[in-house]
Each structure stands twice: as C-alpha cells, then as structure tokens.
Amino acid sequence: MSDIWQRSFNIILVILMTIVLWMISSAVPALIFSSGTLLWMVFHHVRHVVALERWLQVSDHTSASIPAGSGAWDDVFAHLARYVRQHSQNQEQLSLALERMRRITSAMPDGIVILDETDRIEWCNPVAELHLGISLSLDAGQQITYLVRQIPFVEYLAARKYSKPLILKQARQQGIIVSLQLVPYGFKQKLLISRDITRFEKVETMRRDFIANVSHELRTPLTVIGGFLETLSADEPINADFNKRALALMTEQTTRMQRLVEDLLVLSRLENEQNKVNDKPVDVASLLRGTLQDAESLSAGRHQVKLNIATQDQLLGSEEELRSAFGNLISNAIRYTPDGGEISIHWEKKEGQGLFFVQDSGIGIEPEHIPRLTERFYRVDSSRSRETGGTGLGLAIVKHVLSRHEARLEITSQVGKGSRFNIWFPARRLISVDQ
Ligand code: ADP
C-alpha cells in the first residue's frame, strides 16, 4: 500500500466509525467521538512539531539528538536523521580534504598566494610568507602591492602578461632572489607562485664570472703569440735576435696556457661528485721529501727551505690529490717570498689530528683578502701572480682537495712578515705507524 493510502486509512476509519455511531446511536456520541479523535490527532502533531522546533534550535545537530517520533513523524525523523548523518559525513570529508590541501601546500617548496580580482590577498602558504615577507593572519584582505612595493613587481602585476616569470632581486626578505609567476584561474582570480632561485642565480653568476675569467686569462698569451706569428710570417727579413726573443716569449706564453688548462682540468676532476676519493694509506713523510726537491728546484737556491717531519703517521686519502694540495701551498710560499727568505714545511700529529703546515717569511697578506683567497682566480696582486707563473687556481684546488679529505684550512698572515697555511686532518684519517 502506498504512503498516501496508509496515512489516509486512519482518517477514513474515523469517518466510517463516526457514521456507524450516528446510525446506530445518535449525532451526539458520533460528534463526541469524532471531536475527541481530532483533538488527539492535533495534540499528536503539535507534540512532534514542538519537538522538531526544539531540535532545530540547538546548535549541535547530530543524528543522535533527533527526537523519537511515532506515526507519520517516525518517517519524518528517520529521514531527518539520515540527512544529518550524510551531511556530517560530507562535512568530515570536506575538512579532511581541506586539511590535506593545507598540509600539501605547506610542504611545497614554492610559495603560493591566492589573489582576488583586485589583487587582494585571499590566502597564502608559509613559504610565500617567507619569500614575500607577508603574513596571512595580518595581511589577508590587503592589496599585495601595498606590501610588495618594488616597481618591477607592481608593473608586472598591472601588465597582466602571465607568460613570463619576474625575477625579483630585492624581495622584502633580505638577500633572497625570487622568481614570481602569475597564473590566472577561476573567476578573475590569480595564483602568484614564488620560487627561491638565490642558489641558482649565484651558480649562474659564478658560471658567467668563470667564463669571463678564463677568457681573460687566455687572451693575453694568445695576443702575444698571435702578434709574433704575424711579424714572423711577414715577408720582411727578421734578425736572429728578434727570432730568438720571439720564440722564448711564445714558449713562455704557451707554458702559461698549458698550466692554466692543467689546473682547470684538475679543478673539474675534483668538482665532479661522481669522482670519489680513492682512499689509500699515504706515506706523508716520503711524499713531502719528494715535494721538497720540487720546491728546491723552483727556488733555485734563492730561499732556505726546511722540512720537519715530526711523525711517521700516514694519511688515508688520495696521494695524487694530497701532492697537488701540498705542492700548491709550497710553491706559493716560494713565489711570494723574496729572495733570501725562509720556508718551513712541517708534518706532525697534534691533539690527535694530523697537522701539515707551510710557513714563509714572505710578503704576507692583508686580513681582508684572507677569506677570499680560495675563490677561483682571486689574487691579491695579479701582476706578481702572473710573473711568477700563477694561474689564480692554486688555492681553489687546495680547498677542493681538503673538502674531499674532510680537512680544514687555516690561514694566518702578517703583511711584510710572512704567512702560514695550516691543514688539519681529522683523527679518523690518521694511520699510526709510530711504535
Ligand atoms: P696564484 O696562482 O695567483 O698564486 P692561488 O690560488 O695559489 O693563485 O693564490 C691566490 C692568491 O693568494 C695569490 O694570488 C696571492 O695573492 C695570495 N697568496 C697565496 N699564497 C700566498 C703566500 N704564501 N703569501 C702571500 N700571498 C699568497
């Protein structure tokens, strides 16, 4: 039986009983019966309406708090309970999805700002707060250009040309470079995506400087050689003296270029992360005795070079790389020490660590240059460096070798008195052979 018939059945029954009562008795009992039944029905409905109204007034609408009903109201309340249950499930799913979204956007390495039609901040993630120096709790609803005021940014936003990102060098956050990209979405809304490209920009600057430096280093020797070749290939007769001088100078410049290329190759090998250190026990004492001979031939008797080996301890590392690091420091000491000066080379075990140092009585280095000496092509006095055959890469090579051997470089110097370059090797790289 359909709902409508089931509900109408009681009313038809009451009407029939009233008619029967009227027929077998009189109108009064029939009227009393029908009015009593109607009153009871009104009371039944009012009671449920009041219960429903009370439930609607409470703030916490859970299906558990829905009142119990009877008759037709039983169905109404059952439907209501189902609806409330469904609604709270949807609500739960929605807040879970929102929470998941919040966690995803917070974990993203990029900053995200949602801007409305008039460029007011609707929402942003913590990374955007950091990149742009804004705060969601304080700045929501604010015009973004009141906070990020740089002219290029204001122009970028106004131009509405979303195809290219904007590189902002002076973001509100000091020292960071961000790339900003606008993405339109929804109804005139925009996403502003920010990315920290400070590291990338630094690497790019280093790459540009490096190419400029290498080109500059190669230009002078190539110009000298080119000039001589032009003169020599001219038809005019050339005197023997000029010929000899030209050949000597061309050889010198070629050697200079060769040294530069060799140092560049060494650096690129050291910088290659796939090229791991080939750790083997290195007999530092015998390695240094070999380097002493090279030092003496470079000095050609102009300096007093002393070697002091206080420990026979060996080092775990690459012999070739260590020879290159020690050799660079020793050759620098000779090249930057005037004739008659003293150079000491020393190897000892100190406080459990391996200590190698080269001390000279040379020209010394002003304190402001010391932190930058290991940068590629950084020179205090370029002409002295070149005159003595320097490439400007020696200390950069030393720095890389040391970092591959977990060692530390310490430089102390006094102008006019000399310099000392200490290398500290960690205890775990020392192999004790002293009995
Ligand atoms: P270079 O080939 O020019 O010597 P390096 O990288 O070996 O390049 O050294 C960088 C700079 O550090 C040198 O140009 C020089 O100015 C300075 N320097 C290095 N060692 C010494 C030293 N022992 N005494 C004085 N200055 C030094």
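All figures in this text were calculated on a predicted structure; none of them were measured in a lab.

Turning next to the site of the ligand. Taken together, 22 residues form the shell around the ligand, and within it N332, Y336, S385, G392 and L395 come nearest. In this structure, S385 approaches the ligand through a side-chain N or O atom, which is 2.5 Å from an oxygen atom. At the level of secondary structure, the elements contributing two or more residues to the shell around the ligand comprise helix 11 (319-335), helix 13 (394-404) and strand 12 (418-425). Among the elements that line the shell around the ligand, the one with the most residues is helix 11, at three residues. Class assignment of the residues belonging to the shell around the ligand gives a composition of 10 nonpolar, eight polar and four charged.

Moving on, we come to helix 11. Helix length check: helix 11 (17 residues) gives 24 Å between terminal C-alpha atoms against 24 Å at 1.5 Å per residue, within 8%. Turning to helix 11, its buried residues are E321, L322, A325, F326, N328, L329, I330, S331, N332, A333, I334 and R335.

It is worth spelling out the sheet that holds strand 2 (residues 121-124) at this point. Here we have five strands laid out as an open sheet, ordered 2-1-5-4-3, and antiparallel in their pairing. Lying at the two open borders of the sheet, with one neighbouring strand each, are strand 2 and strand 3 (166-168). The sheet shows a mean angle of 25° between the axes of neighbouring strands, taken without regard to direction. Each of strand 1 (111-115), strand 3, strand 4 (178-185) and strand 5 (189-196) touches helix 7 (residues 151-159); the most contacted strand, strand 4, lies at about 20° to it.

What the five strands build is an open sheet, ordered 7-9-10-12-11; its pairing is mixed. Strands with a single pairing partner mark the edges of an open sheet, and in this sheet they are strand 7 (304-309) and strand 11 (408-414). Neighbouring strand axes in the sheet, compared pairwise and without regard to direction, differ in orientation by 10° on average. Across six bridges, strand 10 (residues 353-360) lies against strand 12 in antiparallel orientation. Residue pairing for strand 12: G354 is matched across the bridge by F425. Docked against the sheet, helix 10 (residues 284-299) engages strand 7, strand 9 (342-350) and strand 10, running at close to 180° with respect to strand 7.

Locating I423 in the fold gives a position in strand 12. Taking the C-alpha atoms as reference points, I423 and S194, 229 residues apart in sequence, are found 42 Å from one another. Residues contacting I423, with those up to four places away along its chain left out, are F326, L329, G354, L355, F356, L402, A407, R408 and L409.

Next up on the list: the nonpolar core. Core analysis: the biggest nonpolar cluster contains 43 residues, and F326, F356 and F425 have the highest contact counts within it. Residue contributions to this core peak at seven residues, all from helix 11. Here this core spans two domains, and each of domain 3 (205-271) and domain 4 (280-431) adds at least three residues to it. Non-local contacts of F326, meaning those with residues more than four positions away in its chain, are made with V284, L287, L288, F356, I423 and F425. Grouped together as the second largest cluster of nonpolar side chains are 20 residues, V113, V148, Y156 and L157 included.

Moving on, we get to the pattern of salt bridges. Counted by the stated rule, this structure contains 21 salt bridges. A salt bridge links R376 to E271, with the nearest nitrogen and oxygen atoms 2.8 Å apart. Of the two residues, R376 is situated in the loop between strand 10 and helix 12 (382-387) and E271 in helix 9 (residues 240-271); the sequence distance between them amounts to 105 residues. Residue R376 is classed as partly exposed on the basis of its relative accessible area, which comes to 28%. With relative accessibility at 32%, the residue E271 sits in the partly exposed group. Note that E406 is salt-bridged to R428, the shortest N-O span being 3.4 Å. A residue pair is termed long-range when its members are at least 10 positions apart, and E406 in the loop between helix 13 and strand 11 and R428 in the loop between strand 12 and strand 13 (430-431) qualify at 22 residues.

Evaluation of the coordinates by the stated rule reveals six aromatic pairs. An angle of 90° between the planes, with centres 6.3 Å apart, marks the rings of F326 and F425 as edge-to-face. Of the two residues, F326 sits in helix 11 while F425 sits in strand 12, which places them 99 residues apart along the sequence. F425 matches F326 in its accessibility class, with the two residues each being buried. Grouped by ring-pair contacts, the aromatic residues F326, W347, F356 and F425 constitute a single cluster. The ring of F210 has R376 sitting right over it, with the charged end atom 4.5 Å from the ring centre.

Looking now at the side chain of T105. Within the element layout of this structure, T105 appears in helix 3 (residues 72-107). Excluding residues within four positions of it along the chain, T105 makes contact with I112, W123 and N125.

The next thing to look at is the domain arrangement of the chain. Buried accessible area, meaning the area lost when the parts come together, often serves as the stated size of an interface. Domain annotation for the chain reports domain 1 (2-100), domain 2 (108-196), domain 3 (205-271) and domain 4 (280-431). If you average the C-alpha positions of domain 1 and of domain 2, the two centres end up 56 Å apart.

Right, let's talk about unusual backbone geometry for a bit. We note that D119 has phi near 65°; this positive angle belongs to a residue other than glycine. Here D119 is to be found in the loop between strand 1 and strand 2. By relative accessible area, which is 10% here, D119 ends up buried.

Attention shifts here to the pairing of strand 4. Note: strand 3 against strand 4, three bridges, orientation antiparallel. Each bridged residue has a counterpart across the sheet, and for L168 the counterpart in strand 4 is V178. In this sheet, strand 5 lies alongside strand 4 in antiparallel orientation, the contact comprising eight bridges. Among the inter-strand pairings, V183 is bridged to a residue of strand 5, identified as L191. Following strand 4, the chain reverses through three residues before pairing antiparallel with strand 5; G186 in that reversal takes a positive phi of roughly 55°.

Rules used in this analysis
Residues numbered from 1 in each chain as written. Predicted model: local features only at pLDDT ≥ 70, side-chain atom pairs only at ≥ 80, totals over all residues. Heavy atoms only, no water. Near = heavy atom within 4 Å. Polar contact = N/O pair within 3.5 Å; in protein donor to acceptor, adjacent residues only side chain to side chain. Helix = DSSP H or I, 4+ residues; strand = E, 2+ residues; numbered from the N terminus. Nonpolar A, V, L, I, M, F, W, Y, C, P; charged D, E, K, R; others polar. Expected span 1.5 Å × (residues − 1). Buried < 20%, exposed > 50% of the residue type's maximum accessible area, 1.4 Å probe, protein only. Pairing = 2+ DSSP bridges. Axes fitted to C-alpha atoms, helices over the stretch in contact; angles between N-to-C directions. Contact = heavy atoms within 4.5 Å. Core = buried A, V, L, I, M, F, W, Y, C linked by side-chain atoms within 4.5 Å. Domains from an automatic or database assignment. Salt bridge = Lys/Arg side-chain N within 4 Å of Asp/Glu carboxyl O. Phe/Tyr/Trp six-rings, centres within 6.5 Å; stacked < 30°, edge-to-face > 60°. Lys NZ or Arg CZ within 6 Å of the ring centre and 35° of its normal.

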